[in-house]
Amino acid sequence: MPKAIDLEQVKQDYEAFIQNKKNCVLSFVDREGRPFSSTAPFVRLNGKFYIYISRIAEHYQLMEKSEVVDLICVADEAVTANPFATERARWQCQPKNLGNEGHEKVFAAFDQLFNAKMMAMLRSLDFSLFELTPVAGRYIVGFGKAFTIDIANDKLIHVVIDKK
């Protein structure tokens, strides 16, 4: 008989995993239909992700024109016992360019997580704040431990595959 999964513990682990991440991988589809991936530092507030990127970054234009952006966080390889079962979380998000003015709570979170002096310098450049609102997601902890992230109800649902 399979061991029961403690969904509350999984949710706590999921939240702790995200809280320990500072960088994410962003994935897009460009105008020609080709995949494009990049990385960016992020903060998470009230269930949304925020990135702060320069207009000259390749992913800036893709971020502005995309209706959906994939965001993924992956566990460090150095602490992953089995690369086939790497802990990771992925969300499909709707991006929105918030510009560079206002949103002081978000910038305070960036200041706290990253270097406040560096953030002040970046704010004087051509950077824009993007809000990424998750609409769907998946959290993987290991073999047989995949969970759909139910954004609307703030819960995780164990994904079970019928092997018959």
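Structure: see above.
Report on the accompanying structure. Computed from a predicted structure; not experimentally measured. (Residues numbered from 1 in each chain as written. Predicted model: local features only at pLDDT ≥ 70, side-chain atom pairs only at ≥ 80, totals over all residues. Heavy atoms only, no water.)

## With respect to the nonpolar core
L26, I51, M63, L71, W91 and Y139 are the most contacted members of the largest nonpolar core, which has 28 residues in total. With four residues, the top contributor of residues to this core is helix 1 (residues 7–19). Other than its neighbours up to four places away in sequence, W91 contacts Y14, I18, F49, V69, D70, L71, C73, P134, A136, G137, I149 and I151. (Core = buried A, V, L, I, M, F, W, Y, C linked by side-chain atoms within 4.5 Å. Buried < 20%, exposed > 50% of the residue type's maximum accessible area, 1.4 Å probe, protein only. Helix = DSSP H or I, 4+ residues; strand = E, 2+ residues; numbered from the N terminus. Contact = heavy atoms within 4.5 Å.)

## A word on a nonpolar patch on the surface
A contiguous nonpolar patch, built from M118, M121 and L125 and spanning about 260 Å² of accessible area, is present on the exposed surface. Along the chain, L125 turns up in the loop between helix 4 (116–123) and strand 6 (127–142). On the accessibility criterion, L125 (43% relative accessible area) is partly exposed. (Patch = residues over 30% accessible without salt bridge, like charges linked within 9 Å, V, L, I, M, F, W, Y side chains within 5 Å. Areas by Shrake-Rupley, 256 points an atom, 1.4 Å probe, with all protein chains shown as cover. Salt bridge = Lys/Arg side-chain N within 4 Å of Asp/Glu carboxyl O.)

## Here we look at the side chain of S66
Within the element layout of this structure, S66 appears in the loop between helix 2 (58–65) and strand 4 (69–74). Residue class for S66 comes out buried when judged on its relative accessible area of 15%. In terms of polar contacts, S66 uses its side chain to reach the backbone carbonyl oxygen of L62, at 2.6 Å. Ignoring any residue separated from it by four or fewer positions in sequence, one finds S66 in contact with F28 and P95. (Polar contact = N/O pair within 3.5 Å; in protein donor to acceptor, adjacent residues only side chain to side chain.)

## Things to note about the packing of helix 3 (residues 104–113) against helix 4
Where helix 3 meets helix 4, the closest approach of the two axes is 8 Å, and the angle between their N-to-C directions is 135 degrees. By the angle between their axes, helix 3 is oblique relative to helix 4. Contacts between helix 3 and helix 4 involve E104, F107, F110 and D111 on the former and, on the latter, A116, M119 and R123. Split by residue class, the contact of helix 3 with helix 4 holds four nonpolar, no polar and three charged. (Axes fitted to C-alpha atoms, helices over the stretch in contact; angles between N-to-C directions. Parallel < 35°, antiparallel > 145°, perpendicular 65-115°, else oblique. Nonpolar A, V, L, I, M, F, W, Y, C, P; charged D, E, K, R; others polar.)

## Points about helix 3
Residues three or four positions apart in an α-helix share a direction because the helix packs 3.6 residues into each turn. Where helix 3 is concerned, the buried positions are V106, F107, A109 and F110. Down the axis of helix 3, the buried side of the element spans an arc of 155 degrees, and every buried residue falls inside it. Opposite its buried face, helix 3 presents the exposed residues K105 and Q112, each directed more than 90 degrees away. Here the buried face of helix 3 lies against strand 2 (35–45), strand 3 (48–54), helix 4 and strand 6. (Arc of directions from axis to C-beta.)

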